[in-house]
Amino acid sequence: MEVERRGCVIQLDSRVNPQGEEPVEKVKPFDIPKSLVWDAYLRVRSRKGAPGVDEESIERFEENLKGNLYKLWNRMSSGSYFPAPVRMVEIPKKTGGVRSLGIPTVSDRIAQTVVTMILEPILDPHFHEDSYGYRPGRSAIDAVGVARRRCWRYDWVLDLDVRSFFDRIDHGLLMRALRHHTQCPWVLLYVERWLKAPIQKPDGSLEARERGTPQGGVASPLLANLFLHYVFDVWMERNHPGIPFERFADDIVAHCQTERQARWLLDALRRRFSACGLELHPTKTRIVYCKDDDRRGRWEHESFEFLGYEFRPRRAKNRWGKYFVSFLPAVSPASAKSFRDTVRSWRLHLRSDKSLDDLSRMFGPVLRGWLNYFRHFYKSAMYPTLRMFDRVLMRWAMRKYKRLRRHRRRAMHWLGCVAGRDPGLFAHWRMGLVPAAG
């Protein structure tokens, strides 16, 4: 790849001296193509993102785009680039508590993207085939599908939860792993500087960072993948090649034949993670029994969540029309509740100044994204949430049209007629889930 080939070569630029007689060789310590910085900027712009500690947005950065990109390229090429502190933002978790995100500045996001574009083609071929997170050509749905099939073949699942993973990554071990794959000096230099960049707390104070990589940085997912590749993937392949697993970043499930094997693996993994500076969550890490019609007995845990899906015994129908119980994934209650909370936050019933077409343009993409992710497995579990969305639209219609006020059945019938005429307005209508009065 051209970027790989040119990424670490020192380049001499010939320029004419002030007298205009003989060329002067100007040495740049690092050869970083300007086109690579431009491509990185295009990626950052497409993802948008919040401002960092300098409060500079993408739009403000673009007011002097040529100058800002040239300054960043010049600093990175000369070795004088130092990242700004990372702005810490706390967001609530679905399960309670908060998650700390680190938001770099726009310039730092572009610089991290430059390094990621160099490292990704180098590192990705070495990653395990059952590692799915933040990799080109792989998705969370792929991981869920493989886990579904393996739950049919293996009776037990070890559901692993790494406590505060991104905050506890050992810098020394991470840099050692990175040096194993590249000796590019400017890549190693800037990754180390990003790891050591301080965090700016909401009160404005700065906190030095000796461990971890900020969740929210562009390079963090790739670096975290590299760290767990050696902490978990390679270790499992070397020591327990007969135990399959699926890993999406720090979300991991391993499949075992017996309860005894699952307990034995859990003890071994606790020691392994502890030796690498990590800790398995004592209550969220669980051994789960994949119960179905053919598996007798009961166990304390008979369900687990993985990437927004809940795996548990569910009623299914075989090819001959006979019903049975199978261990299957479907949208988790937490994921469904989160989407319903999002819909409520839109307060659609108060937007009577908008048309149904307006609502479709404003909120249809969010509904479509949620539906496209959870429709792959046991999609009937989504129906109660989709009916709730239709009830919200019904309230909007009752408020907007006088003839529908205080007539719930009439409003829902009207909505069903609209869905029949124009099913493309909302994604679930296109699936044939047309509102019905009831």
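Residues numbered from 1 in each chain as written. Predicted model: local features only at pLDDT ≥ 70, side-chain atom pairs only at ≥ 80, totals over all residues. Heavy atoms only, no water.

Caption draft 1: Structural view of a positive patch on the surface. On the surface, a cluster of positive charge is made up of R347, R387, R391, R395, R399, K402, R405, R406 and R408. Positionally, R405 belongs in the loop between α13 (383–400) and α14 (408–421). On the basis of relative accessibility, which here comes to 36%, the residue R405 falls in the partly exposed class. (Patch = residues over 30% accessible without salt bridge, like charges linked within 9 Å, V, L, I, M, F, W, Y side chains within 5 Å. Areas by Shrake-Rupley, 256 points an atom, 1.4 Å probe, with all protein chains shown as cover. Salt bridge = Lys/Arg side-chain N within 4 Å of Asp/Glu carboxyl O. Lys, Arg positive; Asp, Glu negative; His and termini not counted. Charge placed at Lys NZ, Arg CZ, Asp CG, Glu CD. Helix = DSSP H or I, 4+ residues; strand = E, 2+ residues; numbered from the N terminus. Buried < 20%, exposed > 50% of the residue type's maximum accessible area, 1.4 Å probe, protein only.)

Caption draft 2: Quick look at the confidence of the model for the protein. Overall, the prediction assigns the protein a mean pLDDT of 90, with 92% of residues at 70 or greater. Considering only residues more than four positions removed or in separate chains, one finds that residues 1–25, a stretch of pLDDT under 50, has 38 contacts. (pLDDT = per-residue confidence, 0-100. Contact = heavy atoms within 4.5 Å.)

Caption draft 3: Representation of helix α2 (residues 34–47) in the model. Under the 1.5 Å per step criterion, the end-to-end length of α2 is 21 Å for 14 residues, consistent within 8% with the ideal 20 Å. Every buried residue belonging to α2 is among L36, V37, A40, Y41 and V44, and all of these are buried. The arc enclosing the buried residues of α2, seen along the axis, measures out at 140°, which places them on a common side. Looking one or two places after α2, you find K48, whose phi comes out positive at around 60°. (Expected span 1.5 Å × (residues − 1). Arc of directions from axis to C-beta.)

Caption draft 4: Here's a closer look at the packing of aromatic side chains. Applying the stated criterion across every chain, the model contains 26 aromatic pairs. Taking 5.6 Å as the distance between ring centres and 50° as the angle between the ring planes, the aromatic pair formed by Y309 and Y373 counts as tilted. Separated by 64 residues along the polypeptide, Y309 in strand β12 (residues 309–317) and Y373 in helix α12 (residues 356–374) bring together distant segments of the chain. Judged by relative accessible area, which is 0%, Y309 ranks as buried. Classification of Y373 as partly exposed rests on a relative accessible area of 23%. An aromatic cluster is defined as three or more aromatic residues linked by ring pairs; in this entry it consists of Y309, F339, W370, Y373, F374 and F377. (Phe/Tyr/Trp six-rings, centres within 6.5 Å; stacked < 30°, edge-to-face > 60°.)

Caption draft 5: Inspection of the side chain of R209 at higher detail. Along the chain, R209 turns up in the loop between β7 (206–207) and α9 (220–239). With no salt bridge to any partner, buried R209 finds its closest opposite charge in D167, at an N-O distance of 7.5 Å. Reaching out from R209, the side chain makes a polar contact with the backbone oxygen of L195 at a distance of 3.0 Å. Side-chain polar atoms of R209 contact the backbone oxygen of G212, separated by 3.5 Å. Once residues lying within four places of it in the same chain are set aside, the contact partners of R209 are V86, H171, W194, L195, K196, A197, I199 and P214. (Polar contact = N/O pair within 3.5 Å; in protein donor to acceptor, adjacent residues only side chain to side chain.)

Caption draft 6: Inspection of the packing of α2 against helix α5 (residues 106–123) at higher detail. Following both chains from N to C, one finds α2 and α5 inclined at 115°, their axes separated by 8 Å at the closest point. Put simply, α2 runs roughly perpendicular to α5. Of the two possible hands of crossing, α2 and α5 adopt the one that is right-handed. Where α2 abuts α5, its residues L36, V37, D39, A40, Y41, R43 and V44 lie against R109, I110, T113, V114, M117 and I118. In the contact of α2 with α5, the residues fall into 9 nonpolar, 1 polar and 3 charged. (Axes fitted to C-alpha atoms, helices over the stretch in contact; angles between N-to-C directions. Parallel < 35°, antiparallel > 145°, perpendicular 65-115°, else oblique. Left-handed = near helix turned anticlockwise from the far one by under 90°. Nonpolar A, V, L, I, M, F, W, Y, C, P; charged D, E, K, R; others polar.)

Caption draft 7: Spatial organisation of the environment of H407. Take H407: it is sitting in the loop between α13 and α14. Between the C-alpha atom of H407 and that of R395, which follows or precedes it by 12 residues, the distance is 10.0 Å.

Caption draft 8: Spatial organisation of the sheet that holds β7. An order of β4-β3-β6-β7 is seen for the 4 strands of this open sheet, with the pairing classed as mixed. Where the open sheet ends on each side, the last strands, each with one partner, are β4 (98–103) and β7. (Pairing = 2+ DSSP bridges.)

Caption draft 9: Region of the structure containing the pattern of salt bridges. All told, the structure shown has 19 salt bridges when counted by the stated rule. Between E192 and K196 there is a salt bridge, with its nearest N and O atoms 3.7 Å apart. One end of the pair is E192 and the other is K196, both in helix α8 (residues 185–196) and 4 residues apart, which spans about a single turn. Here E192 falls in the partly exposed class, since its relative accessible area comes to 29%. Residues R298 and E302 are paired through a salt bridge, measuring 3.9 Å at the closest nitrogen-oxygen approach. Judged by relative accessible area, R298 falls into the exposed class, the value being 70%. Using a relative accessible area of 14% as the deciding quantity, one classes E302 as buried.

Caption draft 10: Region of the structure containing the sheet that holds β12. As summarised here, the arrangement of the 3 strands in space is β11-β12-β13, forming an open sheet in which the pairing is antiparallel. The sheet is open, and its two borders are formed by β11 (304–306) and β13 (323–331), each paired with just one other strand. Across this sheet, the average inter-strand angle for adjacent strands is 50°, counted without regard to direction. Across 3 bridges, the pairing between β11 and β12 is antiparallel. Bridge pairing in β12 links F304 to F311. Contacting β11, β12 and β13, helix α11 (residues 333–346) runs over the sheet at an angle of about 50° to β13.

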